[in-house]
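# Structure assessment
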Amino acid sequence: MAAESYTLPDLPYDPGALKPHINGHLMELHHDKHHAAYVKGANTTLEKLADLRGSADFSTLAQLERNLAFNVSGHVLHSIFWTNLSPDGGGEPTGPLADELERSFGGFDGFRRHMTEAASTVQGSGWALAAWEPVAGRLLVQQVHDHQGNHGQGMVPLLAIDAWEHAYYVQYLNEKVEFFNAIWNVVNWPDVQRRFEQARAGELVGATS
Ligand code: FE
């Protein structure tokens, strides 16, 4: 039996539910068009790779592998991003995640500043990503290029902030720092906490809830 194709997950809330921080038009475009394009791109690339395995010419393999990393990573990060947000979000984490932010970043304020600056200073397209590094056992902030570059091997994403222009331009125009400041009002800390506890326990963490 062939492996399943990638599918676009539904948003876990109405597109306009995160207003005023993210308006419904922006959210619909971002989910229905941009995320959908990565899902389509991932599936198309998988089909082309399957065709390639039956051919004698592997001259397109390297480009297809780049396309695969780009589109699958785009799908994974957006799937995490939607669940990282909630109309009931905001505030600060508590419990073990708060303790970990203290240990790795000197506290929540230091973590938030680091993430906000990582998002704000992306050159071109990218993400700010808080990820669990399982070898040392600590949280790190990464500044991801596109969807997959500059990402350490084995790192488990916990909180992803989309810093592509498509994530804010429709609503915030060139004031992207306003978007990266506003997004903290809708961060779904129970989701981040769940991902943190699963990652720390060494369990496999799915892209969606
Ligand atoms: Fe995006």
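Residues numbered from 1 in each chain as written. Predicted model: local features only at pLDDT ≥ 70, side-chain atom pairs only at ≥ 80, totals over all residues. Heavy atoms only, no water.

## Some points on the coordination of the iron ion
With distances of 1.9 to 2.1 Å, the protein atoms coordinating the iron ion are H30 (NE2), H78 (NE2), D162 (OD) and H166 (NE2). Around the iron ion sit 4 donor atoms, and with donor-metal-donor angles ranging over 88 to 134° the site reads as tetrahedral. Each donor residue of the iron ion lies on the same chain, and together they follow the pattern H-x47-H-x83-D-x3-H. With H30 in helix α1 (residues 24-53) and D162 in strand β3 (residues 156-162), this pair connects stretches of sequence that are 132 residues apart. (Donors = N, O, S within 2.8 Å, 3.2 Å for Na, K, Ca; no water. Tetrahedral: all angles 85-135°; square planar, octahedral: opposite > 155°, others 65-115°. Helix = DSSP H or I, 4+ residues; strand = E, 2+ residues; numbered from the N terminus.)

## Notes on the domain arrangement of the protein chain
Each assigned domain of the protein chain is listed here: domain 1 (24-83) and domain 2 (95-200). Once you take the C-alpha centre of each, domain 1 and domain 2 turn out to be 22 Å apart. Of the roughly 1,600 Å² buried between domain 1 and domain 2, counting both surfaces, carbon and sulfur atoms make up 71%. When residues of domain 1 are sorted by the area they lose upon contact with domain 2, L26, L77 and F81 head the list and together hold 39% of the total. (Domains from an automatic or database assignment. Buried area = accessible area lost by both parts, 1.4 Å probe.)

## Some details on the pattern of salt bridges
Pairing between side chains of opposite charge can happen when their charged atoms approach one another. A full pass over the atoms with the stated rule returns 4 salt bridges. The partner of E100 in a salt bridge is R103, and the shortest N-O contact between them spans 3.1 Å. With E100 and R103 both in helix α3 (residues 95-105) and 3 residues apart, the pair spans about one turn of that helix. For E100, a relative accessible area of 4% gives the class buried. Two residues, R195 and D191, come together in a salt bridge whose shortest N-O distance is 3.0 Å. Placement of the pair is R195 and D191 together in helix α7 (residues 189-200), with a separation of 4 residues, close to one helical turn. Here the salt bridges share partners, and the residues they tie into one network are D191, R194 and R195. (Salt bridge = Lys/Arg side-chain N within 4 Å of Asp/Glu carboxyl O. Buried < 20%, exposed > 50% of the residue type's maximum accessible area, 1.4 Å probe, protein only.)

## Notes on unusual backbone geometry
In this structure, the amide linkage connecting K19 to the following residue, P20, adopts the cis form with an omega of 5°. Take P20: it is sitting in the segment before α1. Its identity as a non-glycine residue notwithstanding, D146 has a phi of 55°, on the positive side. For L173, which is not glycine, the phi torsion reads 50° and is therefore positive.

## Digging into the nonpolar core
F111, M115, L159, W184 and W189 are the most contacted members of the largest nonpolar core, which has 49 residues in total. Each of domain 1 (24-83) and domain 2 (95-200) contributes no fewer than three residues to this core. Contacts of W184, omitting those with residues within four sequence positions, involve G90, G91, F111, R112, M115, T116, L159, I161 and W189. A42, L49, L68 and V72 belong to the second largest nonpolar core, which has 6 residues in total. (Core = buried A, V, L, I, M, F, W, Y, C linked by side-chain atoms within 4.5 Å. Contact = heavy atoms within 4.5 Å.)

## Remarks on the side chain of T45
If you trace the backbone, T45 turns up in helix α1. At 2.6 Å, the side chain of T45 forms a polar contact with the backbone oxygen of G41. Once residues lying within four places of it in the same chain are set aside, the contact partners of T45 are L64, N67, L68 and N71. (Polar contact = N/O pair within 3.5 Å; in protein donor to acceptor, adjacent residues only side chain to side chain.)

## Quick notes on the sheet that holds β3
Strand order in the open sheet formed by 3 strands is β2-β1-β3, with antiparallel pairing between adjacent strands. Two strands in the sheet have a free side with no partner beyond their single neighbour: β2 (138-145) and β3. Adjacent strand axes in the sheet meet at a mean angle of 20°, parallel and antiparallel pairs treated alike. Relative to β3, strand β1 (residues 126-133) runs antiparallel, the two being bridged by 6 bridges. (Pairing = 2+ DSSP bridges. Axes fitted to C-alpha atoms, helices over the stretch in contact; angles between N-to-C directions.)

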